[in-house]
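An overview of the molecular structure
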Amino acid sequence: MELQAVGVAVNEVWIVLAAVLVMFMQAGFALVEAGFTRAKNAGNIIMKNVMDFSVGSIVYWAFGFALAYGGSSLGGFVAYGNFFFNDNAQASTWFFQVVFAATAATIISGALAGRVKFKSYLIYTPFITGFIYPIVTHWVWGGGWLAELGFFDFAGSGVVHLLGGMAALAGVIVVGPRRGRFTEDGKPRPIPGHSVTLGALGVFILWFGWYGFNAGSTLAAVGQDIASPAVTTTLAAAAGSVGAMITAWVIIGKPDVGFTLNGALAGLVGITAGTASISFGLSIVTGLIAGVLMTLSVIALERLKIDDPVGAISVHGTAGLWGVVAVAVFSSDAAIGAQLIGATAIVAWAFGTSFLVFKVIDLTVGMRVSENEERAGLDRSEHGGEAYPEFVFQEQIAAPSDLDPVGSNGH
Amino acid sequence: MELQAVGVAVNEVWIVLAAVLVMFMQAGFALVEAGFTRAKNAGNIIMKNVMDFSVGSIVYWAFGFALAYGGSSLGGFVAYGNFFFNDNAQASTWFFQVVFAATAATIISGALAGRVKFKSYLIYTPFITGFIYPIVTHWVWGGGWLAELGFFDFAGSGVVHLLGGMAALAGVIVVGPRRGRFTEDGKPRPIPGHSVTLGALGVFILWFGWYGFNAGSTLAAVGQDIASPAVTTTLAAAAGSVGAMITAWVIIGKPDVGFTLNGALAGLVGITAGTASISFGLSIVTGLIAGVLMTLSVIALERLKIDDPVGAISVHGTAGLWGVVAVAVFSSDAAIGAQLIGATAIVAWAFGTSFLVFKVIDLTVGMRVSENEERAGLDRSEHGGEAYPEFVFQEQIAAPSDLDPVGSNGH
Amino acid sequence: MELQAVGVAVNEVWIVLAAVLVMFMQAGFALVEAGFTRAKNAGNIIMKNVMDFSVGSIVYWAFGFALAYGGSSLGGFVAYGNFFFNDNAQASTWFFQVVFAATAATIISGALAGRVKFKSYLIYTPFITGFIYPIVTHWVWGGGWLAELGFFDFAGSGVVHLLGGMAALAGVIVVGPRRGRFTEDGKPRPIPGHSVTLGALGVFILWFGWYGFNAGSTLAAVGQDIASPAVTTTLAAAAGSVGAMITAWVIIGKPDVGFTLNGALAGLVGITAGTASISFGLSIVTGLIAGVLMTLSVIALERLKIDDPVGAISVHGTAGLWGVVAVAVFSSDAAIGAQLIGATAIVAWAFGTSFLVFKVIDLTVGMRVSENEERAGLDRSEHGGEAYPEFVFQEQIAAPSDLDPVGSNGH
């Protein structure tokens, strides 16, 4: 065996397995989004997640990768070349990138749960994996204008999560809240998720996969410190769940399960940009703040009557923004000026393009299902089935007067 | 450190972790099979899966490995030697092989869901892991007669999946359909699964573990391209789910969740033989065709009154056959003649031996539970418990007249 | 590339990925504990698991690691130094250790399911991750007095599992059984878990993660045999499930699902000390005995009116004790005398310190929730929510006379 070949093999083993861990985050997203929303839409959530990855992979193969890393750069804005990817020598690079693209895409599906036409969602998803996300990766990781400017985002607090969160916000604004989420006089009515255990499993899977996301972003093993990102990732997630739990405990009086679980995710999102830069101690502070900010953000969005069923905008958007800032505040690898410019550019691009696409779809095909379809649940109306056909649900045994007229009575 | 030792370590890390991923596919199979069948049989499905791996591992240790790779070959048909495996130097090889053997075995349990005596299933399972499967691996991967002939199957579309699918078909023919699956005048009545979320999680876990299955079949990392199989695996699975979704949409009018999820699995099965041979673009075509064929196969089997509750025969058998053929059609690593001979041999062997074993068990111990036991559910009748004792099921609140006489009323 | 750097990279890839697998065992524990207990406490179980890892990681960062491996040893009893861990060069070591500490902690939560104040649990958990567990690791793996004595425990049958099992026993004795678990005249009344599928998935996840636990305890890949521990782990788990299934079949007349699944875990716990020492054949015997002993232990504890809802004391304590002994019986790497001294020391330390902490908490804050809170379920009383708010439960449709007065009627 030759040394060069052995070294290459180590790097390939590392990147391929890290990418496999990131791929598994698709299962985590599917469970978080299904578990924290209603049973009548669980199959639809699953379908959106499967299609995010399936359609997304094919689109990313055809041109997403080309626009991000495809050879020559058009003015630092977009790459060009290597369409219909067919280079075995770059296979590990492509594999690691495609699972990131799928992550960005899948953030949106939870925020739009319970009220969007499946067909219309299918029209949107290629835009984010094939165009919106690749462009930003070119800016930051492909040697584009934000890289030139000194913007620093090691594993994607901004590139992936802030982007996904802002795309989700655009979608939520276009489609509006689920029926029954706010009363006619504007009071919020919580719609609890149908399975805390599935949601929690999703969070654990995401945490597990995040080690591939953060530590794998070294993009090699030889000569790299792949363990320190694993430590900061662990501590930030831990502190995020503690931070969110305490914040919720103070504000609503109980250590809420959903907030605590989302707190772990917020901690993970928050450390992602600085996972290789921030010290172990400060990674705890980073995660703690991420957990607090996420909780406050969820409460604030509810007051603004923005209905994000799973808290995706707060977990990925708010904590993602904090992550981009934190790496400048808590390490010397980034400067706050460049970080703020980068964050602004990502917010503007992700929100702007997504809003445009969602709006055009809404004005043509229509984004939203009918009132009857929403009441019946998307599993039945869009997919012709039910996720749990054998079980009895509260609505079936409740007296008619107990049911709210639009079927979103919080059960 | 010496170069040789470092190189060996890289290969060992790769194979051990790939095998660990394949082992986790057991969880995927358990969830797919439980989620897509009825709640009253969920514990029984779990038990069959646990025993496939548990009994299977011990049997494979005692003589399965010996018959596949145990030194001298008896005429290219069966190996002989190394019984009661005890060679630390070959530990990673054995570990990688045993998880494959367990995969072949576990394909069958879903197809036989809801009507088979646990005891009888326990009698069958050692035959596949200890004899039926090892013989075929010797033919193809152990230097046996099919290898001599030029039959090519990189990771097991034929050796594992076609074999498992045909064994499942034999079992289904011997035991017959679940009561109530077809009306007296022969019309099919669907029996939906009890948890789409668990089934979907199973599919994601299988997809995740499949990277170990396909990319790990390089059997080494140094000097190998381990990333390209990960890319073809991703794209074929993606295309498989899209292919099945569209086919179902056209035929039954809705983007069905179960077909779409099975489509991803079909894509995975379909690319497995050619994962290291087929180009990235053609892997999409391979997966797409696998998804279409699987869907048509499920519909065709239903017309033939073959009751395969989870679609295992179509996912593993039909798509497995396609995978064996596809590597000849879409790459130059295999010749169609040898592929067809190999496929025929595997079909004949797997179906023939399994049919014989199932038939002998049926004529002696009996394969099938009584009508009352089937109605009550195997969890209660075979294992003395229930999977979800706290939940209320439709049957409990339905008026007696709503219930079909054999308790398989599709809920 | 330099050879030294490549070799270091291989070791780092191995340890980081092994630790990631062990981290995922947190999800396994959460599901086993939630699935095998009642639905009304599922969110609370999740919260305890998340906090075990979250609070535990931060405490282990601040001083747990310092007391275990922090430089100078105080008389072989405790280490000292390296508080507020901040050494990037040791990051992989810390990461591998912290996930072990979290495993020890999380064993306890299942045993205390359904009756403990969340606040009081939060007070206990830092003691085990920050003090009780680190001290024992110093004794055995940090060059302390048990290492001097020749006590051998490769991956932690004693250090992790026996310790966790004894801490659980102390907790269970302090808090007492769940209301309704034993009738007034002392007859046991089983309280089945609410989801066999989730519990089974938890077992599969634990089995999957255990490869990191056992094979990763080589602490390096270069020059190590990392595959043989994977083989013994597989075979012992397989034999453990078979052993428990047969034992249960003989004693209670049915192949019980819960016992079988716990049998796999017992096999895993049993092989952990000797995973790198015991031959493949004897690993089957080790696992088989572990499965039998665990089953008998569960039955014995029930007769002693010790209420361990998920069997944690038997799975981790009894099988852990057997594991410590088995490595001396079945290999030459350990001597029975030293093993018994070590086991006694771990039992005395873990039980003694935990009993003290639980007792002090009980006498001050109180360990146990009120009768009403226990009846309502901890999700509602402690966390202000429900795990499955949309589903109908048996209690809701049962006639009042069917309900036992304390709400633990076995459904």
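Residues numbered from 1 in each chain as written. Chains lettered and ligands numbered in written order. Predicted model: local features only at pLDDT ≥ 70, side-chain atom pairs only at ≥ 80, totals over all residues.

For the rest of this paragraph, the subject is the overall build of chain A. Of the regular secondary structure elements, chain A holds 15 helices and 2 strands. A compact globule built from 411 residues should have a C-alpha radius of gyration of about 22 Å, and chain A, at 21 Å, falls within 12% of that. For chain A, the spread of C-alpha atoms along the principal axes amounts to about 75 × 45 × 40 Å. Taken over 411 residues, chain A has a buried fraction of 68%. Across chain A, every contact between residues at least 6 apart in sequence was considered, and the portion connecting residues at least 24 apart equals 78%. (Helix = DSSP H or I, 4+ residues; strand = E, 2+ residues; numbered from the N terminus. Rg over C-alpha atoms; globule rule 2.2 N^0.38 Å. Buried ≥ 20, exposed ≤ 12 C-beta atoms within 10 Å, placed from the backbone. Contact = placed C-beta atoms within 7 Å.)

Contact with chain B, which involves 50 residues of that partner, is made by 54 residues of chain C. Those elements that provide at least two residues to the side of chain B that touches chain C are α1 (3-35), α2 (42-69) and α3 (91-111) of chain B. Within the side of chain B that touches chain C, the residues separate by chemical class into 38 nonpolar, 10 polar and 2 charged. (Nonpolar A, V, L, I, M, F, W, Y, C, P; charged D, E, K, R; others polar.)

Turning to the relation of the copies chain B and chain C, a few remarks are in order. In screw terms, the move from chain B to chain C is a rotation of 120 degrees and a rise of 0.0 Å along the axis, fitting with an RMSD of 0.0 Å. Seen this way, the second copy is the image of the first under a three-fold rotation axis. The overlap is low: 14% of the interface residues of chain B also sit at the interface in chain C, so different surfaces are used on the two sides. (Least-squares fit on C-alpha atoms with pLDDT ≥ 70 in both.)

Our next topic: unusual backbone geometry. All names here are of chain A. The phi dihedral of Asn82 is positive, around 65 degrees, even though this residue is not glycine. Of note, Asn82 is situated in the loop between β2 (78-80) and α3 (91-111). Residue classification places Asn82 among the partly exposed residues on the basis of 18 C-beta atoms within 10 Å. Positive phi is not limited to glycine here, since Leu219 has a value of about 65 degrees. Locating Leu219 in the fold gives a position in the loop between α7 (196-215) and α8 (227-252). Under the C-beta neighbour-count criterion, Leu219 is labelled partly exposed, with 14 such atoms within 10 Å.

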